[in-house]
Amino acid sequence: MSRIGTIARRTFLIGSAAILGGVAFGVYKVRQPAPNPLTPAPGAAALNPFVLIDQQGITLIAPRAEMGQGVHTTWAALIAEELDVDIAAVRVLHGPAAKAYYNSAMVADALPGKGYDTSEFQHTVGEALGGVGKLIGLQVTGGSTSMKDGFIRMRQAGATARETIKQAAAERLGLDRAQLKTENAQVIAPDGQTIPYTDLAEAAALIDPPHVELRDARGWRYLGKSVPRVDMVGKSTGTAQFGIDVRLPGMKFAALRINPNLGGTMNGFDASAAETMPGVERVIDLGTGIAVVATNTWLAQQAADAVDIDWGAAPYPPETDAIFARIAQAFDDKPNSTLRDDGNVTSPRDGGDTATLPKGTISLSADYKLPYLAHATMEPQNATALFTHDALEIWCGNQSPIFQQQACAKLAGLDPDAVQIHTTLMGGGFGRRGEPDFAAYATQVAMAMPGTPVQLTWSREEDMTHDYYRPGALARFTGTVKDGQAVMLDARIAAQSATHQALNRWAGLPAAGPDKVLVDGAFNQPYAIPNYRVRGHVADLDLPVGFWRSVGASFNGFFHDTFIDEMAHAAGRDPLDFRLELIRPVHAPSAGTLDTVRQMSGWTGKTPEGVGRGVGFTYSFGTPVAQVIEVVDQDGSIRITRAWIACDMGIALDRSIIEAQMIGGMIYGLSAAAYGKITFSDGAVQQRNFPDYDAIRMHTAPLTEVAILEANTYLGGAGEPGTPPAMPALGNALFDLTGTRARELPLSNSFDLRV
Amino acid sequence: MSTQLTVNGTPHRVDLPDDVPLLWVLRDEIGLTGTKFGCGVAACGACTVQIDGEAVRSCQVSLSDVWGDVTTIEGLGTPDSMAAIQQAWVAHQVAQCGYCQSGQIMQAAALLAETPDPTDAEIDDAMQGNLCRCGTYPRIRAAIHTAAAKMKET
Ligand code: FES
Ligand code: FES
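Keep in mind that this is a model prediction, so the values were computed, not measured. (Residues numbered from 1 in each chain as written. Chains lettered and ligands numbered in written order. Predicted model: local features only at pLDDT ≥ 70, side-chain atom pairs only at ≥ 80, totals over all residues. Heavy atoms only, no water.)

(A) Region of interest: the domain arrangement of chain A. Residues and elements named next belong to chain A. For chain A, the assigned domains are domain 1 (4-230), domain 2 (248-314 + 375-465) and domain 3 (333-373 + 469-749). Counting residues at the interface gives 17 residues for domain 1 and 17 residues for domain 2. Across the interface of domain 1 and domain 2, roughly 1400 Å² is buried in total on both sides, 60% from carbon and sulfur atoms. Here domain 1 and domain 2 share zero salt bridges between them. Taken together, the residues of the side of domain 1 that touches domain 2 break down into eight nonpolar, six polar and three charged. (Domains from an automatic or database assignment. Contact = heavy atoms within 4.5 Å. Buried area = accessible area lost by both parts, 1.4 Å probe. Salt bridge = Lys/Arg side-chain N within 4 Å of Asp/Glu carboxyl O. Nonpolar A, V, L, I, M, F, W, Y, C, P; charged D, E, K, R; others polar.)

Right under this line is the structure:
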């Protein structure tokens, strides 16, 4: 077969793999022209979308956003495990935006199952999920899905490439493939002769990929160990390149000011003062704001601040209280979802009759309120763009290259193929960098200056006041306990739907159907409560919301687990025992995490005077996580002193990275629980920079121990599940210390926490 | 307005207004992007460099006020020849997103220069201005102790 024919056929193979979820081995036809590093030069071969071999060596493609979670390292480890290459000796690149890099796990996670209980997959697939189904082919990093997605596919990519290289060696040596071994990027013949992969790749690219079995876990070299991260030296020497570090010849620097009334228009502006300021080259009208292009980012920022702008009003109520009143109104509507309805829930709040409850039943109810939150990634939003009339190049950290490509192409009036997205490392994502706004603004600026690359950097103030916020949320819980046992739990949750908004914003899909994410972390908790109902209510508000580390579980984790704690106390039970007893019959791995934190923390249910301890538990993203948090009263100010975490994601692919994610996820949750709030006044966000939106720091971070268990049946996520239980665990610890129950966050509103 | 300054031992002459903060001179003029912008208001420490060995927030030092030789993360060590503190950072696998780490390392290096064997309380004091949204604090603490031990040996 001619080489062209081979390429065409294999390209097709990749196309079908994108539907079947298998791996395609074949020549990957890279769509972008040079200087894309993936384009196979003469003598180079892209063995499949994930393995590229040229004279310089071996490059593995990890097309997932590296935002700190270590995905490039573990993704590369999955390939290297089968390919027999040394991770320290290969290059790991993100690669271009491409359909071949779709996320196969995300759609499965959108099904309405509870996760820990597979039979629940038989539940009706809601209407909104039809929309999600259309999104197959998305190259997205999020939902803690990367390892679920890559675990089999990437090992297969490595194994198929290895065996094909061996086949090329076998043909060259006149031997049988089975006689050959591989090690350290070389094929080894029975007589000890070695041939480097780099010498065989071109021939291998013409060979039909053989069928390959994956290796047994017992023989793993990299997986299950702690692999030195591929990005660690760069990040310890200032040489790692983030989006904000992109430097191109002739590049200009730009600053942004967008309407603080989010979604509002701009009535007009006067830039005459700004235009004469030092270094300023252009002031650009963006419709909803302005950008200033200058020779230096700071000079651009100063000039942007000097532009006098007449802003249009926001399309939502201008004050926080009015916004929350609108969220509360959602309780009056019929629920958007009832994803759990076990037994027979009689809730007095629904007009249910409590008089008939059996004697000895204790009823309790609680309302909770959680604020809007900003992502506050350490690296402010930014993107660099170069527009040349018939093409557009974008450099930015992002969690969704194809969305970025589509959004920018649309703005520039170009075919998506004419838009090249270079995904850089990113200084934190936490869900913020799935949005295409930063690349879109950079595109607008670049279009005003064809031929000149422009880097548009947001000030921290612009970043914090123009987020897609974690929705503010309200909850109304009712429960009954009797004889120390949970009898009933009825939960109603109201918030804006980040899913509906994002589907509309990213894919133009209409908002419809039950939103699983809105009740995630509440409806799918593994508790054996006989009468158990969870309903979600969607608040209709035009305020930009998005996906914030752990998404729905970031509020539901607090609501659900805090209420369980309240039920335990109402029942007169030890809160850890109470949880364990309800969880053990439903999901043993979840119970295992609670058993483990009990042991690690030496939990007795009693604490000395001046010390409080709380337990928190949330099952999210397929991973149960239990945490115990300890607080100490030190001269009237409360310090978070110690924490114990146990998690179970089934297979611990990299222990060091998982430990880091668990601690980092917990600290992200504690930061929000202790200090995080976004409020509105006159339509604008009031918190503008870190002094108004502080977080846990070195002196306020607890000493932490992590246990990683492997009893879970399925591979769970790591990046997000550490966040949800931290918030209730801290609230529960403060209750233990002070007797005051926290039903609102942040806790610094009502407790004297150390700052 | 031409100003002379020495960064990592190399003299530079830059043509920028006097009030441009050192951070933006380094990043946008000299092209040393290891020093990061996080807040611009002395609240995060991402921009930390050293002037004559003292850790300073480069977003708060105007070009005309730079009073001595500037050392940035690039001047501390290179990937092929890392300083002891950078080796400790790698050994403990500290970085997650890594964006705050240049500032953390410059701050920690200044701490160790002054306090060769810091206690946990001294680490708390010195490092609390350096925010890390990824929550790498426990490993930063461990890496500082390791670097201290290593520097004592040599
Ligand atoms: S950028 Fe200087 S302290 Fe944050
Ligand atoms: S490593 Fe991400 S902010 Fe510190």
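(B) How the structure looks around the side chain of Arg741(A). Residues and elements named next belong to chain A. Within the secondary structure, Arg741 is located in the segment after helix 20 (726-738). A polar side-chain atom of Arg741 sits 3.0 Å from a polar atom in the side chain of Asp565. The contact partners of Arg741, leaving out residues within four places of it in the chain, are Thr562, Asp565, Glu566, His569, Asn732 and Phe735. (Helix = DSSP H or I, 4+ residues; strand = E, 2+ residues; numbered from the N terminus. Polar contact = N/O pair within 3.5 Å; in protein donor to acceptor, adjacent residues only side chain to side chain.)

(C) Summary view of the packing of helix 16 (residues 553-570) of chain A against helix 17 (residues 575-583) of chain A. Residues and elements named next belong to chain A. Where helix 16 contacts helix 17, the axes come no closer than 9 Å and their chain directions differ by 110 degrees. Between helix 16 and helix 17, the crossing angle belongs to the class labelled roughly perpendicular. Of the residues in helix 17, those in contact with Asp561, Ile564, Asp565, Met567, Ala568 and His569 of helix 16 are Pro575, Phe578 and Arg579. (Axes fitted to C-alpha atoms, helices over the stretch in contact; angles between N-to-C directions. Parallel < 35°, antiparallel > 145°, perpendicular 65-115°, else oblique.)

(D) How the structure looks around the domain arrangement of chain B. Residues and elements named next belong to chain B. Split into domains, chain B comes out as domain 1 (2-75) and domain 2 (84-153). Each of domain 1 and domain 2 has a C-alpha centre, and the two are 21 Å apart. Taken together, the 16 residues of domain 1 in the interface contact 12 residues of domain 2. Between domain 1 and domain 2, a total of about 1200 Å² is buried, with carbon and sulfur atoms accounting for 54% of that surface. Where domain 1 meets domain 2, there are zero salt bridges.

(E) Molecular detail of the side chain of Thr74(A). In this fold, Thr74(A) is placed in helix 2 (residues 71-83). Leaving out residues up to four positions away in the same chain, Thr74(A) has contacts with Met147(A), Leu653(A), Asp654(A) and Ile657(A).

(F) Main features of the sheet that holds strand 4 (residues 91-93) of chain A. All names here are of chain A. Read from one edge of the open sheet, four strands run 1-2-3-4, paired in mixed fashion. Of all the strands in the sheet, the pair left with one neighbour each is strand 1 (45-48) and strand 4. Pairs of neighbouring strands in the sheet enclose a mean axial angle of 25 degrees, with direction left out of account. Packed onto the sheet, helix 2 meets strand 2 (51-54), strand 3 (57-61) and strand 4 and runs at close to 125 degrees relative to strand 3. (Pairing = 2+ DSSP bridges.)

(G) Spotlight on the nonpolar core. Core analysis: the biggest nonpolar cluster contains 192 residues, and Tyr372(A), Phe559(A) and Leu730(A) have the highest contact counts within it. With 11 residues, helix 19 (residues 655-675) of chain A is the single largest residue contributor to this core. (Core = buried A, V, L, I, M, F, W, Y, C linked by side-chain atoms within 4.5 Å. Buried < 20%, exposed > 50% of the residue type's maximum accessible area, 1.4 Å probe, protein only.)

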